[in-house]
Each structure stands twice: as structure tokens, then as C-alpha cells.
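The primary structure of each chain is shown beneath.
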Amino acid sequence: MRLATDLFASAQATVRAVGAYALFALRVLAAVPGALPRPGLVIAQVYNTGALSLVIIMLSGLFVGMVLGLQGFDLLQRFGSEESLGTAAALSLLKELGPVVTALLFAGRAGTALAAEIGLMRATDQLAAMEMMAVDPLRRVIVPRFLGGLIAMPLLAAIFSLIGIFGAQLIGVQLMGVDPGHFWSQMRAAVEVGDVMEGAIKSAVFGALCSLIAVHEGYHALPTAEGVGRATTRSVVISSVIVLLVDYLLTAVML
Amino acid sequence: MRQTRAIELGTGLFVLLGFAALFFLVTQISSRQFGFGAEGYRVSATFDQVGGLKVGAPVSMAGVTVGRVEGIEYDFDRYQARVTLRIDRRYDRIPEDSDAGIYTAGLLGGQYVGIGPGGSDTYLVDGAELQFTQSAVVLENLISKFLFSKAAEEGKE
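Residues numbered from 1 in each chain as written. Chains lettered and ligands numbered in written order. Predicted model: local features only at pLDDT ≥ 70, side-chain atom pairs only at ≥ 80, totals over all residues.

Caption draft 1: Examining the overall build of chain A more closely. What chain A contains, in helices and strands, is 9 helices and 0 strands. Listing each helix as α and each strand as β along chain A from the N terminus yields α-α-α-α-α-α-α-α-α. Dimensions of chain A, computed from the C-alpha atoms along their principal axes, are close to 65 × 55 × 30 Å. By the burial criterion, 47% of the 255 residues in chain A qualify as buried. (Helix = DSSP H or I, 4+ residues; strand = E, 2+ residues; numbered from the N terminus. Buried ≥ 20, exposed ≤ 12 C-beta atoms within 10 Å, placed from the backbone.)

Caption draft 2: Here's a closer look at the sheet that holds strand β2 (residues 58–61) of chain B. Residues and elements named next belong to chain B. Ordered in space as β7-β1-β4-β3-β2-β6-β5-β8, the 8 strands form an open sheet in which the pairing is mixed. On the outer flanks of this sheet lie β7 (128–130) and β8 (132–134), each paired with one strand and no other. Strand-to-strand twist across the sheet, computed as the mean angle between neighbouring axes with direction ignored, equals 30 degrees. Summarising the sheet, strand β5 (residues 99–104) and β8 pair through 3 bridges and their orientation is parallel. Each residue of the ladder has a partner; that of glycine 101, found in β8, is glutamine 134. (Pairing = 2+ DSSP bridges. Axes fitted to C-alpha atoms, helices over the stretch in contact; angles between N-to-C directions.)

Caption draft 3: How the structure looks around the environment of Val28(A). Residues and elements named next belong to chain A. Checked against the element boundaries, valine 28 lands in helix α1 (residues 2–35). Taking the C-alpha atoms as reference points, valine 28 and valine 228, 200 residues apart in sequence, are found 21 Å from one another. Ignoring any residue separated from it by four or fewer positions in sequence, one finds valine 28 in contact with Leu138, Ile142, Val143, Phe146 and Leu212. (Contact = placed C-beta atoms within 7 Å.)

Caption draft 4: How the structure looks around the interface of chain B and chain A. Between chain B and chain A, the residue contacts involve 20 residues of the former and 26 residues of the latter. Its residues assigned to classes, the side of chain B that touches chain A comprises 13 nonpolar, 5 polar and 2 charged. (Nonpolar A, V, L, I, M, F, W, Y, C, P; charged D, E, K, R; others polar.)

Caption draft 5: Fine view of the nonpolar core. By size, the foremost hydrophobic cluster in this structure holds 80 residues, and its most contacted members are Ala90(A), Leu156(A), Ala158(A), Ile159(A), Cys210(A) and Leu25(B). No other element matches helix α6 (residues 137–175) of chain A, which puts 22 residues into this core. Not counting the four nearest positions on each side in its chain, Leu156(A) is found in contact with Gly50(A), Ser53(A), Ile57(A), Thr102(A), Phe106(A) and Gly18(B). By size, the runner-up hydrophobic cluster in this structure holds 20 residues, among which are Ala45(B), Phe47(B), Val50(B) and Val59(B). (Core = buried A, V, L, I, M, F, W, Y, C linked by C-beta atoms within 7 Å.)

Caption draft 6: View of the packing of α1(A) against α6(A). All names here are of chain A. It is at 9 Å that the axes of α1 and α6 come closest, and there the two elements cross at 100 degrees. Here α1 is positioned roughly perpendicular relative to α6, judged by the angle of their axes. Seen from α1, the contacting residues are Arg27, Val28, Ala31, Val32, Gly34 and Ala35; seen from α6, they are Leu138, Arg139, Ile142, Val143, Pro144, Phe146 and Leu147. Here the contact of α1 with α6 is composed, by residue class, of 10 nonpolar, 1 polar and 2 charged. (Parallel < 35°, antiparallel > 145°, perpendicular 65-115°, else oblique.)

Shown next, in the form of C-alpha cells:
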């Protein structure tokens, strides 16, 4: 009996959390037009979430691409078709690894910073102070961060994929001796603009989700040191799970 | 003020880099150029068997891609497969008695439509139909033919 009520309570809490997220998302979207007159705030957030994540994204992209080159070469060699390495690396980077790994890194690098920053604003009553001065914190703090993430993610994912392709080329062509002509020409023949667009759409969706989750967790953090820490952790955990889940759904829709 | 400038500079660099990457991916890594396929003219051909031919497969003459397969459907008047080809506008001097065949690129590659030029002085126009076609080779038929001929040979001995 006790178990049943506990289960019911936790199910209810989950449904409530989903509802809270949906309502928060609607409030943020409704506040977007109000935040547009101040593009400086958005630019500062593109800098914070995008430009500052550049080094980690480029390094990860290079190494993911190099691993793809190595693994792909080993696998394709068994079928005698190592010329397809370029195609395999480019398609897997553009359609899957680029958007997903970038989103996971983004959640870890930028999402945590957003959640902690906003959570600390909440804990130190800065958000309440803004409300006192008739400044809408949603418009002044939350929406620029949401838009910044939305803009930065597709660009980061594109950089990740491109550097990854060059990483795969570095290993496949320079080290393993795949013919560079075959590598590039087969890639160009097989990859279409639609594949690039699929990656761009995915990464934009992931960017919106990750930054929304981060600002939501920060905004609704308990105003204590522990609460801020917990909000930061939760934003990474929820973002990662949601990104992987939504990735499956988007892939199934767009394939 | 100095700080804002640094932020603007960093953001600008990041955004430019991102768009440069996207541009490079769209133009250099992927194949389909903008506009290719949107312009051009359509011709059709019917085949007994299209095998694994897919919409979007290349149409080539002597190995040069001159167009794409735009549609594949079943024609109930002829009980054959009707393949619509969209040929790029640049290649507007294909003789009307040219033949079309479905071939496989490489051993495991995708299938494509190959056009062999005929000798006519009149050229294909929009809506024309290629009269001479050669169907895709189905591996099972090939193997069964080979096996039956082998069995027949052994029966004679």
C-alpha cells in the first residue's frame, strides 16, 4: 500500500515537472519578442556559450574524427572498401556525431555555467531585485541566454563536423594510405545538402533544448549553495538524456 | 567599453567561423549544387526491371553525370517500370535515338542510368521518351541461368 502511494506520488511529481517545463518553455518563447530590442545581451551570450566553447569543441571534433578514421579504416578494410572511408566519416559526423557530441559537450561546458549563474542570481536575490525594479528577469536574463544557445549550437556543430572530417582525413589518408582522390570524391558524391541540413536542424533543436533545460534548472533552483549545485548537476543529466532521446526521434522522422 | 569590444570581436570571429564551416560543408563536402536539377528537361524511359535503382540516382553519359532520376513508378498500360529522368539544361544535344540502361557502379555500388548516344540529328526535348532500354541485371536470374546451362551441359554428357 505504501509502495503504491509512493509510486503514485513520484509519477505525479514527474508529470508535474514535465508540465512545469512546458509552461516555462511557453513563457520563454512568449518573452522572445520583448528581448529582441536589446541584441547586445544576446551577443554577449553567444560569446559566453559559443565562442568560449570553441576550443573544447574543436579539440573534441579533431579527436572524434581521428578515431572515426582509424575505426572506419579498420572496419572497411575487411570488406575491401576503404575508399568509402570519407563517405562513412562525413555522414556519421554530419548526421549523428556532430550534433550529438556537440550537444553533450555544450551541456557540460555551457549548460552548467548557465544553470549555476542563474541559480546563484536566484540565491543572492538578484532576480527578486530585478522584479522590484520592474525589470522582467525572464526578458533580461533568461531569454538572451536561451537565444544565445540556440544560435551558438548549430555553428559549433558545423565546426565540429568539419574539423572531424579533416581529422578522419588526417588518419585515413596521411597515416593509413587511403587514396585522397577516392576519399574526397566518394564523400562528395554521397553527401548531399540535405544531410548537412539534417545536422543543422538537429543541432538547433539540441541547442534550444539544452539551454532551455539549463536556464529552467537555474531559474527554479533552491536558493541555497546546495540547491545551486544540485541544479547544475540536474541540468547536465537531464540535457544529456533528453538529447539522446530526441536524437532518436529526430533521426526516425528525418531518415 | 574595451570589454564590450573584445566580446563583440570574439563573437564575430566565432559566428564567422561557424558560418564558414557551414558554407564549406554545403559547397565542398556535399554534392548537389544549388539549382542543379531544378532547371533542365525531363525525359522518360520504360524498363522491364529497374532492380535497385533509386530516386536521385545519377544519369550519366560516358561516366559524366548529366542528370538525376526524378521518379520511378509502375506503368499499368505497359506492365513496365517508368523512370523519369531530369537532364541538366547544359546537356541539350542528346540524340533522340539514344539508348538507356541501368548499370551498377562498382561491385557493390549504387545503380545508375547510363545513356549511350544514338546517331540521330534530332535531339531529345522535354517530355520525350527513350525507345531503346536495357533493364537492370538481377543477380538471381544470372545465377539461375548459369546453373541451368551447367545442368543442361551435364545432362548431355
